[in-house]
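Residues per chain are reported as follows:
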Amino acid sequence: MTHMVKPLAYTPLTYTLAILMATNATVAMAATATAKTTTKTTTTKTTTAKPATQTTATKKTTVTKAKTTNKSTEKSADTVSNSVKDTTPQMTPPSATSNTGSMIVPVLTAPTVANVMYPSTNSVQLVGTDISAQNLANIPLPTLTLSNISTVKTVLIPRTTDNSTQLDVSVLDDFITYATPMARHYPPVFSSRTERYNTTERLKSLTAWIETYAQNPNASYEVLLRAAKLNAMGRNLDLGSDYAVRAGNYIARAVRLNDTAEANFLYGAMLAEGGGFKEGAKYLEKAEKMGYLEATQSLAQADLLDDKKDRAIQRLTEFKAKNPDNPYIDEQLRIVNSGKYYIWDIPAKVVQ
């Protein structure tokens, strides 16, 4: 049995309604599609494990948006620049910069470290790093200005009695010249605690260095004399009895090798200032006869410690008549006349 379907008759009103309904349905479908597309895009941005097709679609959408306006293009460029800047490892400081849009992107160049070979001095080769040749941005470089340049005379002495090898004692002799006025006699005289501390530390270091050569049974007179001077100053600085023992041993060996005025003076001064007045006087008188002026002052010191004050004053008075320009004699006479017992305990400002 066949059913016949009657065709609809459209009037102007019904036709208009149909058009409106179709239009609304189309708008609703478009809105739904847009919402679905937006949902997919948002999900893709927040979730890392998405299919490649959706990621591709999102990228296409982003590109399509970027083509629409200039502002979108600038934002995309900024996004790319930011991603490059954040993910590029900056292993070294930038040496220059370049402009990319509104961002300043660092241009990275690896600095090179150059070793500089300086001229050798006394067979010592110095190797340094020339930091001025490196590309170190925002790193201040030191500047150096030299003034009051002084030099130390090179002094070579035989290491042993056979003169087979030599020692460079330039620094050691320079220190002995500096420290002798302050620490050669007891008590030592310094202008400050800092000066005493620095002198003591240098003395320890140099004494340890010369000790290696002075212990040698064949050590030369020059080595023994310097070792005796350093250890005697260590005794005066109260660094321990070991310094006093070594000083006496080294100067006794030095006198046996070379019976000089200086060696006799040092030996006599050590003995007299250590309490051996009579024994010390023998070496001091011998040094005095050999023309060593300071021996007379040490003899006066021995007399004073041996309760022979009048004899001490007589020695110093005769010494002043012969040596009126001596920088210490006036102060020493004042010390003796005031009833004190150490003629070398003079003010630091007088020490030369």
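Okay, so let's go over this structure. Small disclaimer: the values here were computed from a predicted structure and weren't measured. (Residues numbered from 1 in each chain as written. Predicted model: local features only at pLDDT ≥ 70, side-chain atom pairs only at ≥ 80, totals over all residues. Heavy atoms only, no water.)

**Some details on unusual backbone geometry**
Excluding glycine, a negative phi dihedral is what most residues carry, and trans is how most peptide bonds are arranged. Looking along the chain, the bond that leaves Tyr186 and enters Pro187 is cis, with omega of 0°. Among the structural elements, Pro187 can be located in the loop between α4 (170-183) and α5 (193-214). You will see that Asn163, though not glycine, has its phi angle at about 55°, which is positive. Along the chain, the position of Asn163 falls in the loop between β5 (156-158) and β6 (166-168). Assessed through its relative accessible area of 53%, Asn163 is described here as exposed. With a phi angle near 60°, Asp307 is a residue other than glycine that sits in the positive phi range. Structurally, Asp307 is set in the loop between α10 (294-305) and α11 (309-322). Among the residues examined, Asp307 registers a relative accessible area of 65% and is labelled exposed. (Helix = DSSP H or I, 4+ residues; strand = E, 2+ residues; numbered from the N terminus. Buried < 20%, exposed > 50% of the residue type's maximum accessible area, 1.4 Å probe, protein only.)

**Quick notes on the pattern of salt bridges**
Summed over all chains, the structure comprises 12 salt bridges. When the shortest N-O distance is used, the salt bridge between Glu262 and Lys229 registers 2.6 Å. Separated by 33 residues along the polypeptide, Glu262 in helix α8 (residues 261-273) and Lys229 in helix α6 (residues 221-236) bring together distant segments of the chain. A salt bridge links Asp330 to Lys320; the nearest nitrogen and oxygen atoms lie 2.8 Å apart. (Salt bridge = Lys/Arg side-chain N within 4 Å of Asp/Glu carboxyl O.)

**Focus on the packing of aromatic side chains**
Applying the stated rule across the entire model yields 6 aromatic pairs. On the numbers, 6.5 Å between centres and 45° between planes, the contact of Phe175 with Tyr178 is tilted. Remark: Tyr178 and Phe175 occur in helix α4; sequence separation between them is 3 residues, near one turn of the helix. Given the relative accessible area of 0%, Phe175 is considered buried. Centre to centre, the rings of Phe265 and Tyr292 are 4.7 Å apart; their planes meet at 25°, and the pair counts as stacked. Of this pair, Phe265 sits in helix α8 while Tyr292 sits in the loop between α9 (277-289) and α10, and the two are 27 residues apart along the sequence. Residues Phe265 and Tyr292 agree in their burial class; the two are buried. (Phe/Tyr/Trp six-rings, centres within 6.5 Å; stacked < 30°, edge-to-face > 60°.)

**Regarding a nonpolar patch on the surface**
The grouping of Leu144, Leu146 and Ile149 at the surface amounts to a nonpolar patch, some 410 Å² of accessible area in total. Mapping Ile149 onto the fold places it in the loop between β4 (127-129) and β5. Ile149 gets classed as exposed once you look at its relative accessible area, which sits at 67%. (Patch = residues over 30% accessible without salt bridge, like charges linked within 9 Å, V, L, I, M, F, W, Y side chains within 5 Å. Areas by Shrake-Rupley, 256 points an atom, 1.4 Å probe, with all protein chains shown as cover.)

**Notes on the environment of Val336**
Mapped onto the secondary structure, Val336 falls in helix α12 (residues 329-337). Residue class for Val336 comes out buried when judged on its relative accessible area of 0%. The spatial distance from the C-alpha of Val336 to the C-alpha of Gln301 is 9.4 Å, given a sequence separation of 35 residues.

**A closer look at the packing of α8 against α9**
Where α8 contacts α9, the two axes come as close as 7 Å, and the packing angle between them is 160°. Compared by their axis directions, α8 and α9 come out roughly antiparallel. Considering only the axes of α8 and α9, their crossing is left-handed. Note on element contacts: α9 touches α8 through Phe277, Glu279, Gly280, Tyr283, Leu284, Lys286 and Ala287, opposite Ala261, Asn264, Phe265, Tyr267, Gly268, Ala269, Leu271 and Ala272. Grouping the constituent residues of the contact of α8 with α9 by class yields 10 nonpolar, 3 polar and 2 charged. (Axes fitted to C-alpha atoms, helices over the stretch in contact; angles between N-to-C directions. Parallel < 35°, antiparallel > 145°, perpendicular 65-115°, else oblique. Left-handed = near helix turned anticlockwise from the far one by under 90°. Contact = heavy atoms within 4.5 Å. Nonpolar A, V, L, I, M, F, W, Y, C, P; charged D, E, K, R; others polar.)

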